[in-house]
Amino acid sequence: MSIVTAIIAKDLRELRRDRRVFAMALLVLALGLTALATSYVRIAAYESDRAATNVADRATWEAQGARNPHSAAHFSKWAFKPLTAQAVLDPGIAAFSGSAVWMEAHNRNPAVARPIDDQTVILPSGDFSVAWVLQVLMPLLVAVIAAGCVARERERGTLRLMLASGVGELGLVRAKLASIGAVTLLLGGAISAIGAVAATGAGPVDPARLVLWLIAYAVFLAIVVAVAVAVSLHARSSGQALMVLAGLWLFAIILTPRAAVSLAEYAAPAPTSEKFWADVASAKESYPSPFADGMEAFGAKVMAQYGVTRLEDLPVSFGGLQLEEDERLGNLVYDQQFAALFGVYARQREWLRWANLVSPLPALQNISMALSGTDMPHQIAFQQQAERRRRALVTRLNTDLIENGASADFDYLAGPQLWAEVKDFAFSPPSLGATLAELWRDALILLVWLAAATLFALRSARHLAGEGR
């Protein structure tokens, strides 16, 4: 057995016998399993409710009887957002974002029905999940385990004996990284593996997304291990090392993400709901309505298109054409206003990335939520797809009125056959390629952090020079 292997074996024996470390590891494992069970039950209940509500919405839609198509467009249908199986691991912003959109004529409604409104207990620091345990509790556990890995040897006087045995400064550092890394891998891997199994049981899982999710957390925890070992190398005592690591944990894991959010909100403030919808209404007024000031010009255009001189002679429903034109003009406004809003969200994400200068956690959070399908780009994709479905639905209903409502206009009634043609909304999440295209900078940031932390730990070996004499 080599000296390095002997040191690793010794460290693992000591950690196994340390009741404090063992108790804390069991606590973190128990919290991880509890978080997993909580997320699993919550998401299963959500999906069950979504499926039941979708069935009820469909039944209500088909049972509306004879009705004018435009009246049906106002009665309309709902678009419900499904949660991916990997949301069991990281619910992200799912609890805080709307999960249903009412696809009504004339209006691009915001997503409503936030799951958080039904929760009675909310963690002040984030949603209770496997991701939260791995992001917040695991670094604290690593700090406790690693604080004394070198500093305690120095206190006992065994550090000098180890170095005198010929292991060398770099060999000792590698041994400490290996022993702390093995314990971290065992516990973090156990939580992640059980979470992966649970996600697979919750529904279809994209294996590539799951593997990348696991790799991202492995890189993050490797960064934490390297930094913790380096601090222990420099500390005069295990108590000093633990104090420094606790401070780093508080700063990098607890304070930095919150400060980054405040910075992003200040640098790229999003409009209030009242101001946003006021701007939408104001922009709509700038377009000539085919029902008001623009009606005469629109009527002349339509009559010229169909080669008639009176609206009464049109072979189609003029009212239906007015409705479709009004939709077209309204959609121009919605496209402009929502593009500006989503642009603000994109700038906020860019500002959040600046926090990675002092902590790798924001980059990990972006990767974790994106691969779980619970980040802002996935929420925006849902809202955009719901809007496209709304427009297709309203256009289909207006087209039926235009083609079949000549001379009757709003007195024309459609029947069940038309309602049956309308399909339910089905969300298609962004592809893995599209997701990775958004994440390459975050992945690069994590890799840079890993390289820097590893280099810091290895170069800290020079701090041991002279202690073996």
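The coordinates are above.
Residues numbered from 1 in each chain as written. Predicted model: local features only at pLDDT ≥ 70, side-chain atom pairs only at ≥ 80, totals over all residues. Heavy atoms only, no water.

**Observations regarding empty space enclosed by the protein**
Inspection of the entire model under this criterion finds 2 cavities of 30 Å³ or more. Lining the largest cavity are Val-101, Trp-102, Met-103, Arg-108, Asn-109, Pro-110, Ala-111, Phe-338, Gln-383, Ala-386, Glu-387 and Arg-390. A per-element tally of the lining of the largest cavity places helix α14 (residues 376-404) first, with 4 residues. By residue class, the composition of the lining of the largest cavity is 7 nonpolar, 2 polar and 3 charged. (1 Å grid on protein atoms, 1.4 Å probe; cavity = no way out; pocket = protein on both sides within 12 Å on 5 of 7 lines; lining within 4 Å. Points joined across faces, edges and corners; volume = space filled by probe spheres on them. Helix = DSSP H or I, 4+ residues; strand = E, 2+ residues; numbered from the N terminus. Nonpolar A, V, L, I, M, F, W, Y, C, P; charged D, E, K, R; others polar.)

**Notes on the side chain of Gln-379**
In this fold, Gln-379 is placed in helix α14. A polar contact of 3.0 Å, which involves the side chain of Gln-379, links it to the side chain of Lys-81. Setting aside residues up to four positions removed in sequence, Gln-379 forms contacts with Lys-81, Ile-93, Ser-97, Gly-98 and Ala-111. (Polar contact = N/O pair within 3.5 Å; in protein donor to acceptor, adjacent residues only side chain to side chain. Contact = heavy atoms within 4.5 Å.)

**Notes on the side chain of Ser-97**
With respect to the helices and strands, the residue Ser-97 is situated in the loop between β1 (77-80) and β2 (100-103). At 3.3 Å, the side chain of Ser-97 and the side chain of Gln-379 are in polar contact.

**With respect to the pattern of salt bridges**
For the structure on display, the rule yields 20 salt bridges. Of the charged contacts, one joins Glu-387 and Arg-391 as a salt bridge, the two residues approaching to 2.7 Å between their closest N and O atoms. Residue Glu-387 and its partner Arg-391 are located together in helix α14, separated by 4 residues, close to a single helical turn. Residue class for Arg-391 comes out partly exposed when judged on its relative accessible area of 21%. Shared partners join several salt bridges into a network, and the residues in it are Arg-108, Glu-327, Asp-335, Glu-387, Arg-390 and Arg-391. (Salt bridge = Lys/Arg side-chain N within 4 Å of Asp/Glu carboxyl O. Buried < 20%, exposed > 50% of the residue type's maximum accessible area, 1.4 Å probe, protein only.)

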